[in-house]
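# Descriptive analysis of the structure
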Amino acid sequence: MYEIVYKETLSESNKLMVVIAPEVARKAKPGQFVIVRIDEQGERIPLTIADYDRDAGTVTLVFQEVGKSTMHMGTLTVGEGFRDLVGPLGHPTEIDELGTVVCIGGGVAIAAIYPIARGFKAAGNQVLSIIGARNRELLVWTERMEAISDELTVVTDDGSYGRRALVTEPLRELLEARAGEIAEVHAVGPAPMMKACVQTAQPFDIPVIVSLNTVMVDGTGMCGGCRVEIGGETRFVCVDGPSFDGHLVDWDMLMARQAFYREEEQYAVAHWQKECRLLAAKGEV
Amino acid sequence: MSKFSMKERLEIPRQEMPTQNPEARRANFAEVTLGYTPELMLREAQRCLQCREPACVKGCPVGVKIPEFIAALCDEDLPRAVAEMKARNVMPAICGRVCPQETQCEALCILAKRGEPVAIGRLERYVGDYELEERVCPSSVRATPTGRRVAIVGSGPAGLTCAAALAGKGHDVTVFEALQSLGGVLGYGIPEFRLPKQVVQDEIDCLVQGLEIEVRLNTLIGRTFTVEELLEEEGYEAIFISSGAGLPNMVRIPGINLNGVMSANEFLTRVNLKKGYRFPEYDTPVKVGKKVAVIGAGNVAMDAARCALRLGTMRAQSNGGVPPEVHIVYRRSMDEVPARYEEFEHAREEGVHFNFLVNPVRIYGNERRAVSGMRVQRMELGEPDSSGRRRPLPIPGAEYDMDVDMVIMALGTRPNPLVFQDAARLERTKWGTVVADEETGKTTACPIWAGGDVVTGAATVISAMGAGQRAAASIDAYLGTGEW
Ligand SMILES: Cc1cc2nc3c(=O)[nH]c(=O)nc-3n(C[C@H](O)[C@H](O)[C@H](O)COP(=O)(O)OP(=O)(O)OC[C@H]3O[C@@H](n4cnc5c(N)ncnc54)[C@H](O)[C@@H]3O)c2cc1C
Ligand SMILES: Cc1cc2nc3c(=O)[nH]c(=O)nc-3n(C[C@H](O)[C@H](O)[C@H](O)COP(=O)(O)OP(=O)(O)OC[C@H]3O[C@@H](n4cnc5c(N)ncnc54)[C@H](O)[C@@H]3O)c2cc1C
Ligand code: SF4
Ligand code: SF4
Ligand code: FES
């Protein structure tokens, strides 16, 4: 078992967990992820390594409860753990000294952009960060992002915190004002957000590196379930990615593939909630 | 043994093995073949002529002592049969079920000339099942510990066989497995109804019992550790790479990335490893279409087709829908079907449709980017190609559409290159397989050995086990003498 040693409720649906996994912690680099499985019946769930502590031998995972597996994960407590945890998976993000880099995180993926932004900062770059969420409640790690960014812009869809805007607005402003200066944009978040960032940057001819979150099965290159089209070529996100040049991604295909199991996912949530109610009724929870 | 004359032996017909009837089994995942009863076993065993120079043995990649184990069966001395078997093959319950006997041992049996070889595989399975049921696993006594450390990469039949043999010699063996459970293809590929997972589990337990083999699941070599790190930092003195050939080949035809097109690996992994057929009790969902096309006609294709048939039928029965239509689409003819003959027959009995001499050229999608049909090209057979099989050639202009809503690709696999991260000194072929000596398993880089599908490309369970055994002998010799 991979034990949970710390748990924090960031908001009603966002949870943070620190898990003992020394071998993964030792190797982890920004941009990589792990696959976890709660128990024998569990699904294999990919999660970004939001942080790691090589000395303590732990990795930090931040996730949003969106379906059966993440809801179930949210009920785990310190002392409990995951039956399986494999990683670090995927290629690390390429981090060089480029000058100025924009780092964008949307919703729970702010935790995923964090190690990347911190890596760029440590490599001597000027880091301009933009983070956003639907509302204040769904923002995570604002202080952490503040600490490692040269400039931080916070936006929410409803204006309940920071500026009322989508992340693309401050992005456009930055690009317009400082296009010559900005070497690269990194964006992690829901597919529509990443797609919009790519479209925003298009006229400026600036690379946008995105981290794709397809459905995964094994995470080792064995099934092809995670495939996407990048510049017309089929690529496996788990082994060829998860980072790709956003300008080359076939977004519509990606989003269609993400939605393939929607019916089953809804059914699984309903089934899970029913079971929880039954257990609660029996007084077992 | 001498109860029967030659003539009497020749008069006994080959004994069929009882099976679940096709109607019932297409709606469940229980094992199709039920195994011999003691009576059937005995009659079949009595057919063996006990040849002094048994040709059958030459057809077995590990040289199972076939007449010897069958003689023990005739004497109804099962412990002896187990011992004779285990001298060469440590997984008889598995191999008896999945070996392509008709092209291996049984092909060369002297009685094959008369059309009915001894059912060596079925007898082998009987021995294996007896052993598992009675728990008479020969207690593999571990030799005096040597303190020498060997790493095995991948826990399929090649890796496990090698691990058991080396641990038996007293070496300190660690098996690194990327997935959540042991067994490789035996666990995630071959379905329950053909190879029950309990049999796999029991036979593996039996194999490693008494041997202190360290198992590290969820450890992906190439990422969690690289091969070179295992040698330089983790203190292993020898490495056996048995990571199989798990990377699916996806053809480049229009529509290949639509929803509803998947590799057989994805489909079978969802069904077998993650028990998708028990969703929502198990969390991983698996979809199945109403009209499914499986491209290819090897074991993998048969397995995918029969899983699709079962899932679809079970669903139709639970919600009152129509049972699915499942098609095998193969560009050669029936004579070239590479699957085990028994699986091909079983698939036909269950109602899988076979479309020979057709090849997909494009997959159509609807507005939701899901499969809505497939265009196929008719083929004819030309001259034999390098594999000796007649080459399929398109018949110009002969194309038509098939009405399907799911397409499963079962067109072969290649080794997964992840494991070679940082191991550039390992020579590989243009197909991505590792170059290794057939007799010893030595690669071009000391002290690294390799065997099984990662060397041969997709092959068989028993050939992978043979490679594991031979490599173990070579590794043991190397650890003893230090000579590469
Ligand atoms: C490389 C990568 C890194 C990720 N990092 C994070 C992270 O740090 N934090 C976080 O909250 N989420 C992350 N995700 C997404 C996370 O894996 C999904 O939210 C989770 O699998 C949903 O499972 P569920 O059963 O709770 O929800 P479901 O109801 O099953 O699905 C909800 C949505 O999640 C997606 N999804 C479903 N199954 C899978 C699967 N097996 N693999 C991937 N996506 C799936 C689907 O698009 C679906 O629409 C990451 C995904 C990838 C591929
Ligand atoms: C669906 C299907 C049906 C088949 N049917 C038959 C049949 O009926 N009869 C028959 O004889 N053969 C059959 N085969 C072929 C047979 O299963 C294989 O030839 C055999 O399993 C090969 O054994 P192996 O040990 O070389 O590799 P595998 O069984 O493939 O095992 C390799 C293991 O290595 C692990 N691995 C891979 N990369 C890494 C890494 N980087 N780090 C750690 N671990 C890693 C994998 O997860 C896997 O567990 C079938 C194959 C399939 C897919
Ligand atoms: S291991 Fe396979 S090939 Fe060898 S005798 Fe047994 S069934 Fe035949
Ligand atoms: S060749 Fe056939 S008859 Fe002869 S020993 Fe082998 S199994 Fe028996
Ligand atoms: S998740 Fe299976 S190949 Fe990527």
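Residues numbered from 1 in each chain as written. Chains lettered and ligands numbered in written order. Predicted model: local features only at pLDDT ≥ 70, side-chain atom pairs only at ≥ 80, totals over all residues. Heavy atoms only, no water.

Time to look at the site of ligand 3. Every residue lining ligand 3 is accounted for by Cys60(B), Pro61(B), Val64(B), Ile66(B), Asn89(B), Cys99(B), Gln101(B), Gln104(B), Cys105(B), Glu124(B) and Ile462(B). Residues of the shell around ligand 3, tallied by class, amount to seven nonpolar, three polar and one charged. (Near = heavy atom within 4 Å. Nonpolar A, V, L, I, M, F, W, Y, C, P; charged D, E, K, R; others polar.)

What follows covers the domain arrangement of chain B. Residues and elements named next belong to chain B. Splitting chain B by domain gives domain 1 (6–134), domain 2 (149–246 + 414–481) and domain 3 (250–411). Computed over C-alpha atoms only, the centres of domain 1 and domain 3 are separated by 31 Å. Every contact between the two is made by 16 residues of domain 1 and, on the other side, 19 residues of domain 3. Taking both sides of the interface into account, the surface hidden between domain 1 and domain 3 amounts to around 1,400 Å²; carbon and sulfur atoms contribute 53%. The largest share of the area that domain 1 buries against domain 3 comes from Arg-25, Arg-26 and Phe-29, three residues that together contribute 51% of it. Between Arg-25 and Glu-349 there is a salt bridge whose closest N-O contact spans 2.7 Å. Counting every contact that joins domain 1 to domain 3 gives ten residue pairs in polar contact (both at pLDDT 80 or more). When contributions to the side of domain 1 that touches domain 3 are tallied by element, the ones reaching two or more residues are helix 2 (22–25) and helix 7 (92–98). (Domains from an automatic or database assignment. Contact = heavy atoms within 4.5 Å. Buried area = accessible area lost by both parts, 1.4 Å probe. Salt bridge = Lys/Arg side-chain N within 4 Å of Asp/Glu carboxyl O. Polar contact = N/O pair within 3.5 Å; in protein donor to acceptor, adjacent residues only side chain to side chain. Helix = DSSP H or I, 4+ residues; strand = E, 2+ residues; numbered from the N terminus.)

Before going further, it helps to examine the pattern of salt bridges. Here the idea is simple: oppositely charged side chains can pair when their charged atoms come close. Residues and elements named next belong to chain A. Inspection of every chain in the model, using the stated rule, returns 53 salt bridges over all chains. Residues Lys-15 and Glu-65 are paired through a salt bridge, measuring 2.7 Å at the closest nitrogen-oxygen approach. Separated by 50 residues along the polypeptide, Lys-15 in strand 2 (residues 14–20) and Glu-65 in the loop between strand 6 (58–64) and helix 2 (68–74) bring together distant segments of the chain. A relative accessible area of 21% means that Glu-65 is categorised as partly exposed. (Buried < 20%, exposed > 50% of the residue type's maximum accessible area, 1.4 Å probe, protein only.)

Of the consecutive residues Gly241(A) and Pro242(A), the connecting peptide bond is found in the cis state with omega at 5°. Inspection of the secondary structure assignment puts Pro242(A) in the loop between helix 7 (237–240) and strand 17 (243–245). The amide bond that connects Cys446(B) to the next residue, Pro447(B), takes the cis arrangement and shows omega of -10°. Its place among the elements puts Pro447(B) in the loop between strand 14 (413–414) and strand 15 (448–450). For Trp141(A), which is not glycine, the phi dihedral falls at a positive 55°. Here Trp141(A) lies in the loop between strand 10 (126–133) and helix 4 (142–148). For Gln50(B), which is not a glycine, the phi torsion comes out positive at approximately 55°. One can find Gln50(B) in the loop between helix 3 (38–45) and helix 4 (55–58).

All names here are of chain B. By nearness alone, 35 residues border ligand 2, and Val-98, Glu-177, Arg-194, Ile-221 and Asp-453 come closest of all. The side chain of Glu-177 places a nitrogen or oxygen atom 2.6 Å from an oxygen atom of ligand 2. Between ligand 2 and Ala-178, the relevant distance is 3.2 Å, taken from a nitrogen atom to a main-chain nitrogen or oxygen of the residue. A total of 1,000 Å² of accessible area belongs to ligand 2 in isolation, and the protein chains cover 95% of it. Of all elements in the fold, only helix 10 (157–168), helix 15 (299–319) and helix 18 (461–481) reach the threshold of two or more residues within the shell around ligand 2. The greatest single-element share of the shell around ligand 2, amounting to three residues, is contributed by helix 15. Residues of the shell around ligand 2, tallied by class, amount to 18 nonpolar, twelve polar and five charged. Both domain 2 (149–246 + 414–481) and domain 3 (250–411) contribute no fewer than three residues apiece to the shell around ligand 2. (Areas by Shrake-Rupley, 256 points an atom, 1.4 Å probe, with all protein chains shown as cover.)

The subject of this paragraph is the interface of chain B and chain A. Contact residues are listed per partner, giving 48 residues for chain B and 48 residues for chain A. Taken together, the connections running from chain B to chain A amount to eight salt bridges. Linking Arg216(B) and Glu23(A) is a salt bridge whose minimum nitrogen-to-oxygen distance equals 2.2 Å. Linking chain B to chain A there are 24 residue pairs in polar contact (both at pLDDT 80 or more).

With that out of the way, let us pick up the domain arrangement of chain A. All names here are of chain A. Here chain A is partitioned into domain 1 (2–89) and domain 2 (100–258). Placing a centre on the C-alpha atoms of domain 1 and another on those of domain 2 gives a separation of 21 Å. Residue-level contacts link 22 residues of domain 1 with 18 residues of domain 2. On the surface where domain 1 and domain 2 come into contact, there are two salt bridges. With a shortest N-O distance of 3.0 Å, Arg-144 and Asp-51 are connected by a salt bridge. Where domain 1 meets domain 2, there are six residue pairs in polar contact (both at pLDDT 80 or more). At the level of elements, strand 2, strand 3 (33–37), strand 4 (45–48), strand 5 (51–53) and strand 6 are the ones that each hand at least two residues to the side of domain 1 that touches domain 2. Per-element tally for the side of domain 1 that touches domain 2: the top contributor is strand 6, with four residues.

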